[in-house]
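# Summary of structural features
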Amino acid sequence: MSALFQPLQAGALLLPNRILMAPLTRCRASTDHVPGALMATHYAQRASAGLLIAEATMAIPGNTAFWCEPGIYADAQIAGWKQVTDAVHAAGGRIFLQIWHGGRACHPLFNDGAQPVGPSPIAITNSELHTPDGKKPYVVPRELRDDELPAIVAGFRQAAANARTAGFDGVEVHGANGYLLDEFLRDGANQRSGPYGGPIAHRARLLLEVLDAVCAELGSDRVGLRLSPLNSFNSMIDSDPVGLVRWLAPRLNDYRLAYLHVMRADFFGQQQGDVLTPVRELYKGVLIGNMGYTPAEAASAIESGQLDAVAFGVPFLANPDLPARIKAGAPLNAPDPSTFYTPGPAGYTDYPFMH
C-alpha cells in the first residue's frame, strides 16, 4: 500500500497521502442551508485524508436539489463553513469545497415553487425525489436562455470567492452526476442549438466559462474539476462519452488545475466504457480516480501510473480514520445506508475510530 502514502503536489497544496475523501451529500445543514458544529466535527474527524472534498454546495440561491444541503452564497453560510474549515485545519487537514448548481435535478417544492432550469426542457425520468411531501417525480425544467448564462458563471465565481472567505484551501467545480454543468456537457440532456448546444465545443462552453471565472478568482492551482462521463445517474447519457473526454482533456491542460477528478464508471452499469485511459493519455495534470476502488486496487492504479490519487466515498463515510486503517491492514466499519441522508449524529459522527 506504500503508493497510497507518498506525498502528492496538487496545485498549491502538498497532500501528505493519496487517500482523498470524495464529496458526499449528507443533508446535515439547516433548512437555511447553513453548516453547523455537527458538520465541523464530521469533517475534522476525517482530516487525515490527503484532501477532504466537501459535499455539493449551492453556489447560487434558489437551486436546492436536496433537503438541507449546504450553500455558500449567504453570510451565515460562510460563517458556518468557517467553523468547518477551522476545525479541519486545527486537526491538520486540507479541505476543498465542491461548488454546484443542481440544474434540472432541483424541484419546485424545495425552491418556493420555482421551476428548475436546464439546457433543454427534458426531465429526469428514471428516479423520484425525496421531498417533505414524500416521493415526487422530477419536473420538466425550463430551458435557460443564452443571456441567462453569464449570471450563472458569475454566481460560481462569487461562490469561489466566498469559499476563500470561509477558509477553504480551494474549490472543486461540480461537472458531474447530471447537475447543471454536466447537463450542458452531455448530449442526452443538452439538445439545444446555438453557442451552448450541438457539437462538444459548444456543449462544453458553459463548463469552461465557469472554470475561467473560478480560476481567475482563486488561481487555477486551487481549483479542481469533477467529471462523470459514464454515469447515468439523474437520467444522464451521452452518445460518445470517450469522444467527449478525448476532446475535453487536452483543453483542460490549459488551465493547470490542482486536479481533475474522474468517476470511472456508471452507478447503474448502463453505460460501459473506459474513460480513464484516454484521460490519462491526454491530460497532463494530477488525475484522481473515483468509484468503487479497494485500497489494493487504488495502490495498484497509482503504482502503474494510471492515477495520481484515489477519492474514496462510502469507505470514508464509515471510517473517519481510513488512512490509518489502510496502513494497518485493519478491518473497516460497515456503513449504514439508512443514515446517509438523515439528520443528526447517527451514522455521521458516531462511527468508531480504530482502537
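Above this text sits the structure in question.
The text that follows walks through the structure, step by step, so that each part is easy to find. Values in this document were obtained by computation on a predicted structure and should not be read as measured data.

Scoring rules and cut-offs
- Residues numbered from 1 in each chain as written.
- Predicted model: local features only at pLDDT ≥ 70, side-chain atom pairs only at ≥ 80, totals over all residues.
- Heavy atoms only, no water.
- Helix = DSSP H or I, 4+ residues; strand = E, 2+ residues; numbered from the N terminus.
- Expected span 1.5 Å × (residues − 1).
- Buried < 20%, exposed > 50% of the residue type's maximum accessible area, 1.4 Å probe, protein only.
- Arc of directions from axis to C-beta.
- Contact = heavy atoms within 4.5 Å.
- Phe/Tyr/Trp six-rings, centres within 6.5 Å; stacked < 30°, edge-to-face > 60°.
- Lys NZ or Arg CZ within 6 Å of the ring centre and 35° of its normal.
- Pairing = 2+ DSSP bridges.
- Right-handed = clockwise from strand over helix to strand, strands pointing away.
- Core = buried A, V, L, I, M, F, W, Y, C linked by side-chain atoms within 4.5 Å.

## Concerning helix α2 (residues 75-90)
End to end, α2 covers 22 Å across 16 residues, agreeing with the expected 22 Å (1.5 Å per residue, within 8%). When we look at burial in α2, the residues that qualify are Q77, I78, G80, W81, V84, T85 and V88. Looking straight down α2, one finds that the buried residues subtend no more than 160° of arc, so they occupy a single side. More than 90 degrees from the buried face of α2, the exposed residues found are D75 and A90. Structurally, α2 contributes buried residues whose contacts are with α1 (37-45), β4 (52-58), β5 (95-100) and α3 (149-165). Of the residues trailing α2, G92 is marked for its positive phi of about 90°.

## Focus on the packing of aromatic side chains
A complete count under the given rule lists eleven aromatic pairs for this structure. Centre to centre, the rings of F340 and Y341 are 6.5 Å apart; their planes meet at 85°, and the pair counts as edge-to-face. Judged by relative accessible area, which is 16%, F340 ranks as buried. Chaining the aromatic ring pairs together yields one cluster made of Y43, W81 and F168. Taking the ring centre of Y293 as reference, the NZ or CZ of R264 above it sits at 3.7 Å. A cation over a ring is seen here: K327 above F5, with NZ or CZ 4.8 Å from the ring centre.

## Brief notes about unusual backbone geometry
A positive phi angle, close to 55°, is found at C27, a residue other than glycine. Among the structural elements, C27 can be located in the loop between β3 (19-21) and α1. Phi is positive for C68, which is not a glycine, with a value near 70°. Checked against the element boundaries, C68 lands in the loop between β4 and α2. The class of C68 is buried, set by a relative accessible area of 11%.

## So, the pairing of β4
Across the seven residues that make up β4, a large majority, seven, are buried. Bridging between β4 and β5 involves five bridges; their strand directions are parallel. Paired with T57 across the bridge in β5 is I99. As for the winding sense of the linkage, the β-α-β connection from β4 through α2 to β5 is right-handed.

## Some thoughts on the environment of L282
Along the chain, L282 falls in helix α8 (residues 276-282). C-alpha of L282 to C-alpha of L252: the two residues are 30 residues apart in sequence and 9.5 Å apart in space. The contacts of L282, once residues within four sequence positions are left out, are R246, A249, P250 and N253.

## What about the nonpolar core?
Among the nonpolar cores identified, the biggest contains 89 residues, and Y43, W81 and L252 are the most heavily contacted of them. Per-element accounting of this core gives the leading share, nine residues, to helix α6 (residues 205-218). When residues no more than four places from it in sequence are discounted, the contact partners of Y43 are M21, L52, A54, E55, W81, V84, V88 and I95. Listed in part, the 15 residues of the second largest apolar core include A10, A22, I53 and A258.

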